[in-house]
Amino acid sequence: MNVPVAWYLVLAALLFGIGAYGLLVRRSALIMFMCIELMLNAVNLTFVTFSRTLGDIAGQASVFFVMVVAAAEVTVGLGIVVAVFRRRASTSVDELSELRG
Amino acid sequence: MIAATYTIAGVLVFVTAAALILVGAVSVIAVKNPVHAAIALIVTLFGVAVAFVAESADFLATVQIIVYAGAIVVLFLFVIMFLGVDRREGVRVDPLVGQRSFALVGVVITIAGLVALMARSHWVTGATSVANGGAPLATGQHNVRQLGTAVFTTYLFAFEATAVLLIIAVVGAVLLARRERRADELSDDGEEVELAP
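An account of the accompanying structure is given in this report.

What counts as what
- Residues numbered from 1 in each chain as written.
- Chains lettered and ligands numbered in written order.
- Predicted model: local features only at pLDDT ≥ 70, side-chain atom pairs only at ≥ 80, totals over all residues.
- Helix = DSSP H or I, 4+ residues; strand = E, 2+ residues; numbered from the N terminus.
- Buried ≥ 20, exposed ≤ 12 C-beta atoms within 10 Å, placed from the backbone.
- Contact = placed C-beta atoms within 7 Å.
- Core = buried A, V, L, I, M, F, W, Y, C linked by C-beta atoms within 7 Å.
- Axes fitted to C-alpha atoms, helices over the stretch in contact; angles between N-to-C directions.
- Parallel < 35°, antiparallel > 145°, perpendicular 65-115°, else oblique.
- Nonpolar A, V, L, I, M, F, W, Y, C, P; charged D, E, K, R; others polar.
- Left-handed = near helix turned anticlockwise from the far one by under 90°.

1. Quick word on the overall build of chain B
Alright, step 1. Within chain B, the secondary structure is distributed over seven helices and zero strands.
Alright, step 2. Ordering the α and β elements of chain B from the N terminus gives α-α-α-α-α-α-α.
Alright, step 3. A burial count over chain B gives 21% of its 197 residues as buried.
Alright, step 4. Excluding contacts between residues fewer than 6 apart, the proportion of contacts in chain B whose partners are at least 24 apart in sequence is 49%.

2. Overview of the nonpolar core
Looking at soluble globular proteins, one finds that nonpolar side chains tend to be buried together.
Alright, step 1. Formed by 64 residues in total, the largest nonpolar core has its most connected members in A12(A), L15(A), L30(A), M34(A), L45(A) and V28(B).
Alright, step 2. Elements with a minimum of two residues in this core: α1 (5-25), α2 (29-54) and α3 (58-88) of chain A together with α1 (8-30), α2 (34-54) and α3 (58-83) of chain B.
Alright, step 3. Among all residues touching L15(A), those that are not within four sequence positions of it are L38(A), N41(A), A42(A), L45(A), I21(B) and A25(B).

3. Let's talk about the packing of α2(A) against α2(B)
Alright, step 1. The geometry of α2(A) relative to α2(B) is characterised by a closest axis approach of 11 Å and an angle of 5° between their N-to-C directions. If you check the angle between α2(A) and α2(B), you find them roughly parallel. Facing α2(A), whose interface residues are L30(A), I31(A), M34(A), E37(A), L38(A), N41(A), N44(A), L45(A) and V48(A), α2(B) presents P34(B), A37(B), A38(B), L41(B), T44(B), L45(B), V48(B), A51(B) and F52(B).
Alright, step 2. Within the contact of α2(A) with α2(B), the residues separate by chemical class into 14 nonpolar, three polar and one charged.

4. Things to note about the packing of α1(A) against α2(A)
Residues and elements named next belong to chain A.
Alright, step 1. At a closest axis distance of 8 Å, the pairing of α1 and α2 adopts a crossing angle of 165°. Compared by their axis directions, α1 and α2 come out roughly antiparallel. Along this stretch, α1 crosses α2, giving a crossing that reads as left-handed. Across the interface between the two elements, V5, Y8, L9, L11, A12, L15, F16, I18, G19, A20, G22 and L23 of α1 pack against I31, M32, C35, I36, L38, M39, N41, A42, L45, T46, T49 and T53 of α2.
Alright, step 2. Residues belonging to the contact of α1 with α2 are distributed by class as follows: 18 nonpolar, six polar and no charged.

Next comes the structure, spelled out in structure tokens:
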């Protein structure tokens, strides 16, 4: 029941593109984190597709580790968002220019 | 090239997964309310889980539902509610002139480049004739066994490193989100005092 590999790869490329567009356009830090999750999921889909096609479990093991790193990233990232929100009462990244040199 | 030995069921599963993924992803970047974006993110993650099942990654599909949709999105929703930012954000504001057009052009170039790069030769390996490389992957119970064997033998060091990474992330999140009580008690005007290192 396998459909051609190309379909899944094109789907993953589209998902990655949508995530990248959202990351570039949206200004809310929370939405930007969600867009990063979209891009990570696109890469995971590619890994699993390669794993199936090549008959190699290494792709699925990579997805396993990507998920762990994504969980750690979200934890620290949302901690930073909460800490910034306490000072600035906003989650917009446009107002975070105080580190400008 | 790719052998076209696919069935109606496979096509239906793919179309369902693709519809879930694309509708959810577009909703994430299009809606104004962050809570709605988080719900749309769940739809996308569920679609990816459907694709995982169709590609014989049963364990990863389960983890996708439990960890991503269950834990990560709930964490998102918790922070949204905690900060009280569940109001509409001005999606139409354009701080940099023409940033939407530039973003769209860049993304289209990226997608076209990816597809062109893959379509020029074989989609997966870059070789010209790999029909189905090694042995097909096991499904169901054997998929868990296969993945577990790989993670706990070949990738044991990486597995231990992720354990350390998770500890660091938890400690870092606690440090970042902690509110300094002592500073509030010492200063009467309620100003935030810098944390001592």
